[in-house]
Amino acid sequence: MKFVIIGGSGLIGGKLVHLLRAAGHDVVPASPATGVNTVTGEGLAAALEGAQVVVDVANSPSFEDAAVLAFFQASAGNLVSAARAAGVAHVVALSVVGADRNPDSGYLRAKVAQEAAVTAGGVPFTIVRATQFYEFSHAIAQSSVVGDTVRLPPALFQPVAADDVAATLADVAQAAPHNGIVELAGPEPVRMDEHIRRFLAAHEGSEPIQDVTTDPHARYFGAELDDTSLTPGPGARLGAIHFVDWLGKS
């Protein structure tokens, strides 16, 4: 089968390309670097010619509210239009667990808009909502710096390894479309402030700020969290890689 991976040179995309090629498929990594721009539509038709499945793991270069919304609306709209014209049998899009429960986050509002475009696009689809990646722990800490401390809420979340995300996407992409949502989370829930404390402690000396202050009202990319904001529902798939094991290899 021919698979096209939008964002195929990124963290998840690169791993997904490797997994699908190892399974014997024809895999085309697509990104602006390869002449494919989903925001403008440039190169999409040629890339999707003869493809059975397209997987969208691209991310916005800006997380500013208006910019990220414009990116995902344009990118998803162009992608599903091109997929429909090319006769693609399955569109898979990577989204975020809890995206629809956190309207105060501009980024998550944009992911909901992306999901809506895929759902209404007229092509069989699966949306994979994943929790936050272990690999984004540094970014979470940096985005939460206030003065000389990292200020985070004690809300539960259930982060997952990028390798588990890529493996789940590969499994979903090779299966029949769900025409719905598949959730993926890490093996265990943890409080966000405690998770980042563990991450920073493991990287002592390489992170400029080590202190974490617990603040129930601290916002995560604009959203005030509770224990249900970013946690998966019943029946979610669970990754196999535990945070302590990922830390040991990272």
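Located above this text is the structure these notes cover.
We now turn to the structure provided with this report.

Parameters at a glance
Residues numbered from 1 in each chain as written. Predicted model: local features only at pLDDT ≥ 70, side-chain atom pairs only at ≥ 80, totals over all residues. Heavy atoms only, no water. Helix = DSSP H or I, 4+ residues; strand = E, 2+ residues; numbered from the N terminus. Contact = heavy atoms within 4.5 Å. Salt bridge = Lys/Arg side-chain N within 4 Å of Asp/Glu carboxyl O. Buried < 20%, exposed > 50% of the residue type's maximum accessible area, 1.4 Å probe, protein only. Core = buried A, V, L, I, M, F, W, Y, C linked by side-chain atoms within 4.5 Å. Pairing = 2+ DSSP bridges. Axes fitted to C-alpha atoms, helices over the stretch in contact; angles between N-to-C directions.

The next point concerns the environment of Ile 12. Residue position: Ile 12 is located in helix H1 (residues 11–22). Linking Ile 12 and Asp 245, residues 233 residues apart in sequence, is a C-alpha distance of 19 Å. In contact with Ile 12, not counting residues within four places along its chain, are Val 57, Leu 94, Phe 133, Ala 162, Val 165, Ala 166 and Leu 169.

In the structure shown here, the tally under the stated rule is eleven salt bridges. We note a salt bridge from Arg 129 to Glu 115, for which the minimum N-O separation is 2.8 Å. Linking Arg 129 in strand S5 (residues 125–130) with Glu 115 in helix H4 (residues 106–119), this pair joins segments that are 14 residues apart in sequence. For the pair shown, Arg 129 and Glu 115 are each scored as buried. A single network of salt bridges, built from pairs that share partners, joins Asp 100, Glu 115 and Arg 129.

A few words on the environment of Ala 23. Looking at the element boundaries, Ala 23 is found in the loop between H1 and strand S2 (26–30). In sequence terms Ala 23 and Gln 174 are 151 residues apart; their C-alpha atoms lie 9.7 Å from each other.

So, about the nonpolar core. Proteins that are soluble and globular tend to have nonpolar side chains buried together. Ranked by size, the top nonpolar core spans 29 residues in total, and within it Ile 6, Leu 48 and Val 54 carry the most contacts. Per-element tally for this core: the top contributor is helix H3 (residues 65–86), with seven residues. Of all hydrophobic cores here, the second largest spans 23 residues; its members include Leu 20, Val 92, Val 160 and Val 165.

Take the sheet that holds strand S1 (residues 2–6) next. Each strand in a sheet pairs with its neighbour through backbone hydrogen bonds, running either in the same direction (parallel) or in the opposite one (antiparallel). Taken together, seven strands build an open sheet; the order of strands is S2-S1-S3-S4-S5-S9-S14 and the sheet is parallel. Strands with a single pairing partner mark the edges of an open sheet, and in this sheet they are S2 and strand S14 (237–238). Taken together, the five bridges between S5 and strand S9 (residues 180–185) define a ladder with parallel strand orientation. Its bridge partner lying in S9, Thr 126 is registered against Gly 180. Across the sheet, H4 is in contact with strand S3 (53–56), strand S4 (90–96), S5 and S9; its angle to S4 comes to roughly 165 degrees.

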